[in-house]
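Structure at a glance
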Amino acid sequence: REPAQRMGRQVLRPEVGRTYHFGSKGGASKNQFGALLQNIQLNDRIVDWKQQDLSYLDADVYKEMYMKLVMDAQVARTSPELLVKVISGNVRLEYKSFGHFKKIASSINIMNDEKAGIPRTAYNGVVETRPKGNHIAFLVPSSDGLI
């Protein structure tokens, strides 16, 4: 996540990040995130990626599609409100600073760390999770342009 490595690029977050194994057994992290990662289940079906239409992953197409999904989500003003609203649909909650992000992330039980000013798994500053099942909760930088 360092600027020199990113070179202005974004990474599309997979459903299972490279952090899947991180801290699960041994290692320097001493199982720091084990409780958050233990319920992840990997896909067990083979996918023929050469047969898939991945044109929606073009940077401009993806960004437009993704930001529409974020902006169409219900607005929550607090973490408890987010956790109620996400039961029935997608919801977004703005964070005003990285300290505020960290507080919200901790309250909804997701990883709250950042590196070089970028929260873990962020796409254009937006972090998503599915705290109650199928619907998405988006943590979004404030409209003041945090990221």
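Everything discussed here concerns the structure shown above.
Before going into details, it helps to say that this report is about the structure given with it. (Residues numbered from 1 in each chain as written. Predicted model: local features only at pLDDT ≥ 70, side-chain atom pairs only at ≥ 80, totals over all residues. Heavy atoms only, no water.)

Another aspect to go through is the overall build of the chain. Scanning the chain from terminus to terminus reveals 5 helices and 6 strands. If you list the helices and strands of the chain from N to C, you get α-α-α-β-α-β-α-β-β-β-β. With 147 residues in all, the chain has 29% of them scored as buried. Residue pairs at least 24 apart in sequence account for 54% of intrachain contacts in the chain once pairs closer than 6 positions are excluded. As displayed, the chain has an accessible area near 10,100 Å², and 52% of this comes from carbon and sulfur atoms. (Helix = DSSP H or I, 4+ residues; strand = E, 2+ residues; numbered from the N terminus. Buried < 20%, exposed > 50% of the residue type's maximum accessible area, 1.4 Å probe, protein only. Contact = heavy atoms within 4.5 Å. Areas by Shrake-Rupley, 256 points an atom, 1.4 Å probe, with all protein chains shown as cover.)

This next bit is on the environment of Arg-9. Structurally, Arg-9 is set in the loop between α1 (3–6) and α2 (34–37). Note: C-alpha distance between Arg-9 and Asn-124 (115 residues apart in sequence) is 9.7 Å.

On to the pairing of strand β6 (residues 137–141). Side-chain positions along a regular strand alternate between the two faces of the sheet. Of all 5 residues in β6, 5 are buried, a share of seventy percent or more. Neither face of β6 is exposed, since Ala-137, Leu-139 and Pro-141 on one face and Phe-138 and Val-140 on the opposite face are all buried. Judged from the 5 bridges that link them, strand β2 (residues 91–95) and β6 form a sheet pairing that is parallel. Bridging from a neighbouring strand, Arg-92 pairs with Phe-138 of β6. As judged from the 3 bridges shared by strand β5 (residues 127–129) and β6, these two strands associate in the antiparallel manner. Across the sheet, the residue bridging to Thr-129 is Ala-137, located in β6. (Pairing = 2+ DSSP bridges.)

Checked against the element boundaries, Arg-120 lands in the loop between β4 (118–119) and β5. You can call Arg-120 buried: its relative accessible area is 13%.

Both the distance between ring centres and the angle between the ring planes are used here to describe each pair of aromatic rings. A complete count under the given rule lists 5 aromatic pairs for this structure. Summarising the aromatic geometry, the rings of Tyr-62 and Tyr-66 are spaced 5.7 Å apart at their centres and angled 10° between planes, so their arrangement reads as stacked. Of this pair, Tyr-62 and Tyr-66 both sit in helix α3 (residues 59–72), 4 residues apart, which is roughly one turn of that helix. Taking 5.3 Å as the distance between ring centres and 90° as the angle between the ring planes, the aromatic pair formed by Tyr-62 and Tyr-123 counts as edge-to-face. Of this pair, Tyr-62 sits in helix α3 while Tyr-123 sits in the loop between β4 and β5, placing them 61 residues apart in sequence. Among the aromatic residues, those joined into a cluster by ring pairs are Tyr-62, Tyr-66, Tyr-123 and Phe-138. (Phe/Tyr/Trp six-rings, centres within 6.5 Å; stacked < 30°, edge-to-face > 60°.)

Core analysis: the biggest nonpolar cluster contains 16 residues, and Leu-82, Val-91, Phe-101, Ile-110, Val-127 and Leu-139 have the highest contact counts within it. Membership of the second largest hydrophobic core comes to 9 residues, among which are Tyr-62, Val-70, Ile-136 and Phe-138. (Core = buried A, V, L, I, M, F, W, Y, C linked by side-chain atoms within 4.5 Å.)

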